[in-house]
Amino acid sequence: MKPIHSRSARAIVVAVAAGSLALTGCSKDSGKDSKDQSKNQQDAAAQSKPVAYADAAGSNGPAAEVPGAKPGGSINVFTQSDLSHMDPGQIYVSDAGQFANLVHRKLTNYQEDDKGNLTVVGDIATDSGKSSEGGKTWTYTLKDGIKDEDGNAITSADIRHTIERQYSKVIFDGPTFVQSWLSGSDYRKALPDGPYKGKHLPDTVLATPDAKTVVFHFDKPRPDLPQALAMAGYAVVPQKADTKEKYDKAPKSLGPYKVAEYKAGKSLKLVKNTNWDPKTDAVRHQYVDGYNFTTTIDQPSQTKRLVADQGEAKNGIQFTDSVDPAQMQSVINNAAVNKRTIKGYQPYVWQMSFNLDRLKDKKVRDAITYAIPNQRMIQADGGKYGGELAGGLFAPTLPGFDPKYDPFGKLKMPNGDPEKAKKLLAEAGVKKGTKLTYAYSNTPRGQKQMVIIKDALNAIGFDVQAKEIERATFYEQIGKLKNPYDLYMTGWGQDWSSPSTVVTPVYDGKLIADGAPNYSHINDDKVNSLIQEALVLQPEAAAKKWEEAHHRIVEEINPSAPVYYSKQIQLFGSNVGGARYSTNSSYIDINRLYLIKP
């Protein structure tokens, strides 16, 4: 999701999800269903299965019909704030990733079956990609009939433009996999103005020999390219339609829906894109006439409306927010309401990220880590339905996850060890009353986390200065290299089923930059070296290197304190059909929805 960032074989995204108030006792609703239906690490392990790559036959549209689906009507989307971005190049956060499923298209995409198994298929390409030279070269051929919302045919020039614009400073908040694979960690130097002044990457790097063909040339094998290209951040931006910074507010659609109206801070309306051809799309549907987003409904209000299931809420869904923790029991214990939820184990690890430019003493970082009351943080986010205590920075959805890894002893002391924290601070010579600046998102989850963190750190002698940031710009603000904050809670999930998509973007010191997800600014030679070694190895051999890097990061550097592994539970209205949990997006599967009574 990056913040809650997921990233592709779990998609997107970053999740700037919701969450907040304290969990209350059981309600007195009728139709109680008290059985524990929360997801566990076995469920998570099922999401770590390898992803298959499809050929042309598997990439043909239309997508398989959803049983019982009917056309017509509009779905009402309840969310707390504006989307973080609508420009594909800037999308690396979950809410925008969900939006991208409706509006944007890419060279490749994820097709998901009823068991959550994922297959990379050609989206606007004819297949998931043809590799040669041992995986150093990848060739894509565009399908016939791909147009943008204005009816303009998409050609290889548009794909080249899409990749090259990500080299420019216009784009600062999206994924960097493909650019850095093509041109190195200092990729912006290869094309500092992007394509906007008429310059291009050489054909030896990115070639478009004809209007239908795109060829990527790498200096090393890149077997994960089909999964990287399936990220929303690499969705197509038509060359003629690109308005640079303005594109983020009015993007052009290639998908089944397009933006009809956007009122900043209030609403967003999507309607059918008549130039989308279902015959070219193996994943998406266009059952409903549109989606009406209201971007002013907080998490408690979303939950109340969907539990009540009256009026417009019957056609309503939560987008990337979760059930309000304070109302969790009234949802779980009411069988009729509980039937209208989707549940899943997300790929995200919530962590306390330390700004290493400001918190330079590891003993101080360790002290804060020991002081964090992990279990209280989980309770504030829905208890067992919201998360599970984290020992490390690798989620249970990753292959090879070690459930016993717990270097800070959180399994034995889930609400922290303040005495050990005080001892470490004394050894570090930290004076009582030392100020710490803690940045948090103005979501219910962020606000509740702030209270818990402030109390815990004040109790060990700090004077915590809490700084609230608007949800839609939270990751942008903490992503600035010269941000004025000491620490901030972030959530990260793999982009696809590989530790490379966790360690590389978040902990590679060579990728420190404004807008990059190395929020702690860690730059360790040993970690950097292990990353480069692991990237060229086959998965089994690479796994040992990733584990070594993980242990060094957590135990010897501690740039981010593990807090909890994230779970998801979302509500939808009684007239919404086709709802299921998506292992790709970690939210409701937005590609399948229809209205039972249009």
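Scroll up a little and you will see the structure.
Residues numbered from 1 in each chain as written. Predicted model: local features only at pLDDT ≥ 70, side-chain atom pairs only at ≥ 80, totals over all residues. Heavy atoms only, no water.

**What about the overall build of the protein chain?**
Item 1. A tally of regular secondary structure across the protein chain gives 17 helices and 20 strands.
Item 2. On C-alpha atoms alone, the protein chain measures out to a radius of gyration of 23 Å, which is about the 25 Å that the 2.2 N^0.38 rule sets for 598 residues.
Item 3. C-alpha extents for the protein chain along the principal axes are approximately 65 × 60 × 40 Å.
Item 4. Counting every position in the protein chain, which comprises 598 residues, the buried fraction comes to 62%. (Helix = DSSP H or I, 4+ residues; strand = E, 2+ residues; numbered from the N terminus. Rg over C-alpha atoms; globule rule 2.2 N^0.38 Å. Buried < 20%, exposed > 50% of the residue type's maximum accessible area, 1.4 Å probe, protein only.)

**Details of the sheet that holds strand β8 (residues 213–217)**
Item 1. Reading across the sheet, the four strands line up as β5-β6-β8-β7 and stay open at both edges, with antiparallel pairing between neighbours. Each having just a single partner strand, β5 (130–132) and β7 (206–210) make up the two edges of the open sheet. For this sheet the average axis-to-axis angle between neighbouring strands, irrespective of direction, equals 20 degrees.
Item 2. Pairing of strand β6 (residues 137–141) with β8, which is carried by five bridges, proceeds in the antiparallel orientation. Looking across to β8, one finds that T141 is bridged to T213. (Pairing = 2+ DSSP bridges. Axes fitted to C-alpha atoms, helices over the stretch in contact; angles between N-to-C directions.)

**Here we look at the pairing of strand β3 (residues 108–112)**
Item 1. When you tally the buried positions in β3, you get four out of five residues, the bulk of the element.
Item 2. One ladder, built from five bridges, connects β3 with strand β4 (residues 118–122); its direction is antiparallel. Paired with E112 across the strands is L118, a residue of β4.
Item 3. Between the antiparallel neighbours β3 and β4 lie five residues, among them G116 with a positive phi of about 85 degrees.

**Structural notes on the sheet that holds strand β16 (residues 462–469)**
Item 1. Taken in spatial order, the six strands make up an open sheet running β14-β18-β13-β17-β15-β16, and their pairing is mixed. The strands lining the two open edges of the sheet, one partner per strand, are β14 (387–389) and β16. Neighbour-to-neighbour, the strand axes of the sheet open up by a mean angle of 30 degrees, direction not taken into account.
Item 2. Its contacts with the sheet put helix α13 (residues 444–459) on β13 (341–354), β15 (434–441), β16, β17 (487–493) and β18 (560–571), and the angle it makes with β15 is roughly 165 degrees. (Contact = heavy atoms within 4.5 Å.)

**Re the environment of G290**
Item 1. Counting through the fold element by element, G290 comes out in strand β11 (residues 290–294).
Item 2. Look at G290 and you get buried, because its relative accessible area is 1%.
Item 3. Remark: the alpha-carbon pair of G290 and V271, spanning 19 residues in sequence, is separated by 4.3 Å.
Item 4. Among residues more than four places away in sequence, those in contact with G290 are G73, S74, I75, Y257, L270 and V271.

**What about the environment of G97?**
Item 1. With respect to the helices and strands, G97 occurs in helix α3 (residues 94–103).
Item 2. Distance from G97 to G233, taken between C-alpha atoms, is 8.3 Å for residues 136 residues apart in sequence.

**Quick notes on the packing of helix α15 (residues 500–507) against helix α16 (residues 525–535)**
Item 1. Between α15 and α16, the shortest axis-to-axis distance is 11 Å and the interhelical angle comes to 145 degrees. Of the two elements, α15 crosses α16, and the hand of that crossing is left-handed. Residue-level contacts link S500, V503, T504 and Y507 of α15 to V527, N528, I531 and L535 of α16.
Item 2. Among the residues making up the contact of α15 with α16, the classes are represented as five nonpolar, three polar and no charged. (Left-handed = near helix turned anticlockwise from the far one by under 90°. Nonpolar A, V, L, I, M, F, W, Y, C, P; charged D, E, K, R; others polar.)

**Considerations on the packing of α16 against helix α17 (residues 539–557)**
Item 1. Between α16 and α17, the shortest axis-to-axis distance is 8 Å and the interhelical angle comes to 165 degrees. Classified by the interaxial angle, the pair formed by α16 and α17 is roughly antiparallel. Relative to α17, the crossing made by α16 is left-handed. Taken together, the residues of α17 that come into contact with α16 (itself represented by K526, V527, L530, I531, E533, A534 and L535) are A542, K545, W546, E548, A549, R552, I553 and I557. (Parallel < 35°, antiparallel > 145°, perpendicular 65-115°, else oblique.)

**Let's talk about the pattern of salt bridges**
Item 1. Following the criterion strictly, the structure yields 31 salt bridges and no others.
Item 2. Each of R105, D123, D281 and R284 takes part in one network of salt bridges that share partners. (Salt bridge = Lys/Arg side-chain N within 4 Å of Asp/Glu carboxyl O.)

**Re the side chain of R284**
Item 1. Turning to its location among the elements, R284 is positioned in the loop between β10 (267–272) and β11.
Item 2. Taking the relative accessible area as the measure of exposure, R284 reaches 2% and is therefore buried.
Item 3. Side-chain polar atoms of R284 contact the backbone oxygen of H104, separated by 3.1 Å.
Item 4. Filtering out sequence-adjacent residues up to four positions away, R284 remains in contact with A63, N101, H104, R105, K106, N109, D123, P256, W276 and N591. (Polar contact = N/O pair within 3.5 Å; in protein donor to acceptor, adjacent residues only side chain to side chain.)

**Structural notes on the packing of aromatic side chains**
Item 1. The full count for this structure, using the stated rule, is 17 aromatic pairs.
Item 2. For the ring pair F293 and F319, a centre distance of 5.0 Å and an interplane angle of 80 degrees mean the geometry is edge-to-face. On the criterion of sequence distance, the pair formed by F293 in strand β11 and F319 in the loop between β12 (316–318) and α8 (328–332) is long-range, its members being 26 residues apart. Neither residue differs from the other here; F293 and F319 are each classed as buried.
Item 3. Aromatic pair Y438 and Y440: ring centres 6.4 Å apart, planes at 15 degrees, arrangement stacked. Accessibility classification places Y438 together with Y440 in one group, the buried group.
Item 4. Within the aromatic cluster, the residues linked to one another by ring pairs are Y140, F177, W181, F216, F218 and W496.
Item 5. The ring of Y196 has K244 lying over it, and the distance from NZ or CZ to the ring centre is 4.8 Å. (Phe/Tyr/Trp six-rings, centres within 6.5 Å; stacked < 30°, edge-to-face > 60°. Lys NZ or Arg CZ within 6 Å of the ring centre and 35° of its normal.)

**Overview of the nonpolar core**
Proteins that are soluble and globular tend to have nonpolar side chains buried together.
Item 1. Membership of the largest hydrophobic core comes to 99 residues, with the highest contact counts inside it found for F216, I368 and L457.
Item 2. Of all the elements, α17 adds the most residues to this core, at six residues.
Item 3. The next biggest cluster of nonpolar side chains, apart from the first, holds 24 residues, and it includes L268, Y291, F319 and L593. (Core = buried A, V, L, I, M, F, W, Y, C linked by side-chain atoms within 4.5 Å.)

**Examining unusual backbone geometry**
Item 1. At the junction of G61 and P62, the peptide bond is cis and its omega measures out at -5 degrees in the coordinates.
Item 2. Turning to its location among the elements, P62 is positioned in the loop between α2 (56–59) and β2 (74–78).
Item 3. Even without a glycine there, the phi angle at E133 is positive, about 50 degrees.
Item 4. As for its position among the elements, E133 is in the loop between β5 and β6.
Item 5. Phi is positive for N558, which is not a glycine, with a value near 55 degrees.
Item 6. In this structure, N558 sits in the loop between α17 and β18.
Item 7. We classify N558 as buried; its relative accessible area is 0%.

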